[in-house]
Amino acid sequence: MVESMAHLQEEKLRMQQELLALQEKLSAREKEDIDVSVQLQGQVRCGLGKDGAEWRVENRGTVRGGTDLEKHRDLLAAENERLRQEMKAREGELRALRQQQQQPAPCLPCEHVQENGRLQERLAQLQREVEEARAKLGELDLEVQQKTNRLAEVELRLKDSLAEKAQEEERLSRRLRDSQETIASLKAQPPQVKYIIKTVEVESSKAKQALCESQSRNQYLQEQVGMQRQVLKEMEQQLQSSQKTAAQLRAQIMLYEAELERAHGQMLEEMQAMEDEKNRAIEEAFSRAQVEMKAVHENLAGVRTNLLTLQPALRTLTNDYNSLKRQVRDFPLLLQETLRSARSEIGQAIEEVNSANRELLRKYRRELQLRKKCHNELVRLKGNIRVFGRVRPITKEDGLGAEAASAVTFDPDDDAVLHLSHKGKQVSFELDKVFPPKATQEDVFREVQALVTSCIDGYNVCIFAYGQTGAGKTYTMEGTAANPGINQRALQLLFAEVRSKAADWDYAITVSVAEIYNEALRDLLGKEPQEKLEIKLCPDGSGQLYVPGLTEFRVQSVEDINKVFELGHVNRATECTNLNEHSSRSHALLIITVRGLDRSTGLRTAGKLNLVDLAGSERVGRSGAEGSRLREAQYINKSLSALGDVIYALRSRQGHVPFRNSKLTYLLQDSLSGDSKTLMMVQVSPAEKNSSETLCSLKFAERVRSVELGPVSRRAELGSWPSQEQLEWGPGPSLSAQGDSPGPTRGHAAPGPGPPAARAASIRRKLQSSG
Ligand code: ADP
Ligand code: MG
């Protein structure tokens, strides 16, 4: 490639030199042209500004010289044309060479190549410009040619005019000479002088006229000559300007050529630099290749040694591969066999697991039974009936001073004992637990929550709040919105327990709210709360009781509970003029039923939690009340005595338990008998003025407890359960009836907006929609 490049360069140089030579020839020819023109001009100039005698000589020279010069010029023009054609041919060759050079063997693109391309372009441009200048020069030559032709014409005409003039002058001078000769001969003949003179004069005047004519003609011819000279002068000027332009063009051509030369030189330099760089790169690549080659050789040697060491490993691998191949071939069979054995093993294992599962289930059920039995036994040992006492704090309603003094004191070492000072005597009572006034709702609930949760296991539970009006029964059972009592806390605890067992058990919690007033059972969640409900035996022969028409709502959240309680309150308030008074004369029941299904065993449980806020236990009848108050008091006494009787009969294991003696015991029959659990929360007021009622309540509590704990032998001692009237302290005259008043105003009788019936209906709707 380098060689071909160099060859091209040489060829190009040669062409350039030829071109230069041609251009030199062309310049020389043009110079000759110019000289001819100058010569021509010199001839014409010589003819100008001379008088008539000199004119003729110059004129002859001009005619002869003009013909030679024209011949010479034609020759030069022919030569010029030939040279031009030659130059064109050379330029064609040069272009072909350049094209060859522009399409060299592919070279790596680098900036020198780009520079080279740029220079080539510039060179081509310069060539084009030279071409243009030459074309212009040709045009100018043509113009010069035309002007020369015109000049020759003018000269020809001038020559003719001059010849005519010379002839005329010659003729006139001849005549003048003849006339002068005639005049001289006539002068020599005197007689005839006058006539001759006259004749001569006459002839002389004719000659003078002819002379004048000749002179005017001469004048005219000279004017013509002057005009021709003017034209000649203008043409000369034009020629001069053309020559100037030609000189400028030549100078430009020179400039372009110099530029061409410079570009060419630069191109050569670039090419040289490229060449050097290429050589350097080749050397570097070669040295790098050598180094790499060496490294490759070294690697090869390492690989060879590795190959030698790997051969034994390869042999082992081949052996391994062969054995693996054998294994793979045998694998499906092996797999099938293994699968078969695995299947049988798995089947066996499943069978074993199933039988183990069945065994476990059987054991689990037995354990459940055992647990229930143990629990029953525990409950029996602890006592199915537990009695707690709660002493409320002294309130504003208790008055001030001695009246408001506390009649109740506590044993700091025993939380099951309290002392009551009554009529100057101190009586001590032992219960299962005593809550002093400072005990909170949480403290109380903590003691009862085990009972509450046992209803999830399917036990029936009854929690009664017993005590005179104003002793805190409703506070303990319902509490306030900010500090709820056992009712709400029990439901919340049940929700939490049910949630924690949700993985295995499905539970449904339903609630009913009822009231027993004057031995009439009413549904406080029903559409007709004033309607009396009946308690009936289940027709399925199970001996179970049920209340047809008693509303049950399913509850799942605290919001549901609140709605239920609100509906209960609203319905309770509907039928009475004074809710506080009414509520103290009726038993309020919250019946919670928890039904569970163990998804794994299919075991079903159903437990009932009855939370009862009993009517006030004060002895209204003895205060001489009449009419409806007396009737109310009788009903209350009857039902509370019946409750005592039932508990007595149960604990003393009598054959007959008089559940039917009151609506309350009849309704709670299921929840009081069997392995049911009962908690009696005896509420007392610590106020001195209530000590008599407090005494009655505590005696009731103690008797309930003693029945449960006492041996059978004591049953005879007790005889039958004392009536409310008999519960009074000592054999002396009965204490005057106290607490006839309905007690302090209670905060829980919250009347809502609008008529109670409408409100109840709206709450019912909400509850039904919620579940
Ligand atoms: P009952 O329902 O037995 O008639 P209440 O529950 O209505 O009695 O209580 C009478 C008043 O005493 C209410 O104002 C109640 O707020 C208040 N009270 C009862 N027990 C407590 C207690 N443990 N702590 C504070 N106040 C109580
Ligand atoms: Mg109450």
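The rules behind these values
- Within every chain, residues take consecutive numbers counted from 1 along the sequence as written.
- Chains carry letters from A onward and ligands carry numbers from 1 onward, assigned in written order.
- Where local features are concerned, this predicted model is filtered to residues with pLDDT of at least 70; where side-chain atom pairs are given and counted, the filter is 80 or more; whole-chain, interface and lining totals use all residues.
- Hydrogens and waters are ignored; side-chain quantities use all the structure's heavy atoms.
- In this text, helices come from DSSP runs of H or I with a minimum length of four residues, and strands from runs of E with a minimum of two, each type numbered from the N-terminal end.
- Only protein chains enter the area calculation, which uses a 1.4 Å probe; residues under 20% of their type maximum are buried, those over 50% are exposed, and those in between are partly exposed.
- Among buried residues, the Ala, Val, Leu, Ile, Met, Phe, Trp, Tyr and Cys ones that are joined through side-chain atoms within 4.5 Å form a nonpolar core.
- Should any heavy atoms of two residues lie within 4.5 Å, those residues are considered in contact.
- UniProt positions are given in the numbering used here, feature names are shortened, and annotations may be inferred rather than shown by experiment.
- Here an angle of 0 to 180 degrees is reported between the N-to-C directions of two axes, which are lines fitted to C-alpha atoms, with helices fitted over the stretch in contact.
- Comment on the angle field: the value is read as roughly parallel under 35 degrees, roughly antiparallel over 145, roughly perpendicular from 65 to 115, and oblique elsewhere.
- What makes a crossing left-handed is the near helix being turned counterclockwise from the far one by less than a right angle; a clockwise turn instead makes it right-handed.
- Note on residue classes: Ala, Val, Leu, Ile, Met, Phe, Trp, Tyr, Cys and Pro are nonpolar, Asp, Glu, Lys and Arg are charged, and everything else, Gly too, is polar.
- What makes a salt bridge here is a side-chain nitrogen of Lys or Arg within 4 Å of a carboxyl oxygen of Asp or Glu, nothing more.
- Patch criteria: residues need more than 30% relative accessible area and no salt bridge. Like-charged residues are merged within 9 Å; nonpolar side chains of Val, Leu, Ile, Met, Phe, Trp and Tyr are merged within 5 Å.
- Per-residue and other accessible areas follow the Shrake-Rupley method at a 1.4 Å probe size, with only the shown protein chains counted as cover for residues.
- For a helix, the expected span equals 1.5 Å multiplied by the residue count minus one.
- Two strands make a pair as long as DSSP finds a minimum of two bridges between them.
- As defined here, a cavity is a set of points on a 1 Å grid over the protein atoms alone where a 1.4 Å probe fits but cannot get out. A pocket is an open set with protein on both sides within 12 Å along at least five of seven lines, and residues line them when an atom is within 4 Å of a point.
- Grid points are joined across faces, edges and corners, and a volume is the space filled by probe spheres set on the points.
- Polar contacts, as used here, are pairs of N or O atoms within 3.5 Å; protein pairs need one atom able to donate a hydrogen and one able to accept it. Residues neighboring in sequence count only if both atoms are side-chain atoms.

Draft legend 1. Looking closely at the overall build of the protein chain. Per the secondary structure count, the protein chain includes 15 helices and 15 strands. The proportion of buried residues among the 771 residues of the protein chain is 39%.

Draft legend 2. Highlighting unusual backbone geometry. Backbone geometry at Asn518 places phi at a positive 50°, although glycine is not the residue there. Its place among the elements puts Asn518 in the loop between strand E7 (505–517) and strand E8 (520–523). With a phi angle near 60°, Glu519 is a residue other than glycine that sits in the positive phi range. You can see Glu519 is positioned in the loop between E7 and E8.

Draft legend 3. Expanded view of the nonpolar core. Of all hydrophobic cores here, the largest spans 48 residues; its most connected members are Phe464, Leu664 and Met680. With 7 residues, helix H10 (residues 627–651) is the largest single contributor of residues to this core. Those residues within four positions of Leu664 in sequence are excluded, and the remaining contacts are Phe464, Ile516, His587, Leu589, Val612, Leu614 and Leu643. By size, the runner-up hydrophobic cluster in this structure holds 44 residues, among which are Ala490, Tyr507, Val570 and Ile763.

Draft legend 4. Spotlight on the UniProt feature "binding site: ATP" (unreviewed entry) in the protein chain. The UniProt record annotates "binding site: ATP" (unreviewed entry) at Gly467, Gln468, Thr469, Gly470, Ala471, Gly472, Lys473 and Thr474. With respect to the secondary-structure elements, Gln468 resides in the loop between strand E6 (461–466) and helix H6 (473–477). Residue Gln468 is classed as buried on the basis of its relative accessible area of 3%. Turning to its location among the elements, Gly470 is positioned in the loop between E6 and H6.

Draft legend 5. Structural detail: the packing of helix H5 (residues 441–454) against helix H7 (residues 486–500). In contact at an axis separation of 10 Å, H5 and H7 are set at 50° when each is read in the N-to-C sense. The angle between H5 and H7 places the two elements in the oblique class. For the crossing formed where H5 meets H7, the hand is right-handed. Residues Gln441, Glu442, Val444, Phe445, Val448, Gln449, Val452 and Thr453 of H5 touch H7, and the partners they reach there are Ile486, Arg489, Ala490, Leu493, Leu494 and Glu497. Of the residues contributing to the contact of H5 with H7, the split by class is 8 nonpolar, 3 polar and 3 charged.

Draft legend 6. Geometry of the pattern of salt bridges. Applying the stated criterion to the full structure yields 24 salt bridges. Among the ionic pairs, Arg572 bridges to Glu515, the shortest N-O distance being 2.8 Å. Pair noted here: Arg572 is in helix H8 (residues 558–574) and Glu515 is in strand E7, with a separation of 57 residues, a long-range link. A single burial state applies to Arg572 and to Glu515, both of which are buried. Here Arg585 ties to Glu632 by a salt bridge, and the two come within 3.5 Å at their closest N and O atoms. One end of the pair, Arg585, is in the loop between helix H9 (579–584) and strand E13 (587–598); the other, Glu632, is in helix H10, and 47 residues separate them in sequence. It is possible to trace a salt-bridge network through shared partners that takes in Arg585, Glu618, Arg629 and Glu632.

Draft legend 7. Here's a closer look at a nonpolar patch on the surface. A contiguous nonpolar patch, built from Phe331, Leu334, Leu335 and Leu339 and spanning about 370 Å² of accessible area, is present on the exposed surface. Along the chain, the position of Leu334 falls in helix H4 (residues 193–382).

Draft legend 8. Quick look at H10. A rise of 1.5 Å per residue sets the reference length of H10, with its 25 residues, at 36 Å; its end C-alpha atoms lie 36 Å apart and thus fit the reference within 8%. Directly after H10, the chain includes Arg653, whose backbone phi takes a positive value near 50°.

Draft legend 9. Broad picture of the sheet that holds strand E4 (residues 425–430). Pairing is antiparallel across the open sheet formed by 3 strands, whose spatial order is E2-E3-E4. Strand pairing shows two members of the sheet lacking a second neighbour, strand E2 (408–411) and E4, which therefore form its edges. On average, each strand axis in the sheet is tilted by 30° relative to the strand beside it, whichever way the strands run. Inspection of the sheet shows strand E3 (residues 414–422) paired to E4 by 6 bridges, in the antiparallel sense. Along E4, the bridge assignment pairs Leu418 with Phe429.

Draft legend 10. Representation of the pairing of E6. Extensive coverage of E6 is indicated by the burial of 6 of its 6 residues. Burial along E6 is two-sided: the residues Val461, Ile463 and Ala465 and Cys462, Phe464 and Tyr466 are all buried. Here E6 runs beside strand E14 (residues 604–613); their pairing, made up of 5 bridges, is parallel. Bridge pairing in E14 links Ala465 to Asp613. With 6 bridges connecting them, E6 and strand E15 (residues 677–684) associate as parallel partners. Opposite Val461, over in E15, you have Lys677 as the bridge partner.

Draft legend 11. Fine view of empty space enclosed by the protein. Within this structure, the stated rule accounts for 4 cavities of 30 Å³ or more. Looking at the second largest cavity, its volume works out to about 50 Å³. The wall of the second largest cavity is formed by Ile516, Tyr517, Asn518, Glu519, Arg585, Ser586, His587, Ala615, Glu632, Tyr635, Ile636 and Ser639. Only E7 and H10 provide two or more residues apiece to the lining of the second largest cavity. Of all the elements, H10 adds the most residues to the lining of the second largest cavity, at 4 residues.

Draft legend 12. Structural context of the side chain of Asp398. Within the secondary structure, Asp398 is located in the loop between strand E1 (385–391) and E2. A distance of 2.8 Å separates a polar atom in the side chain of Asp398 from a polar atom in the side chain of Arg392. For Asp398, the residues in contact, after removing those within four places along its chain, are Arg392, Pro393, Glu403, Ala404, Ser685, Ala687, Lys689 and Asn690.

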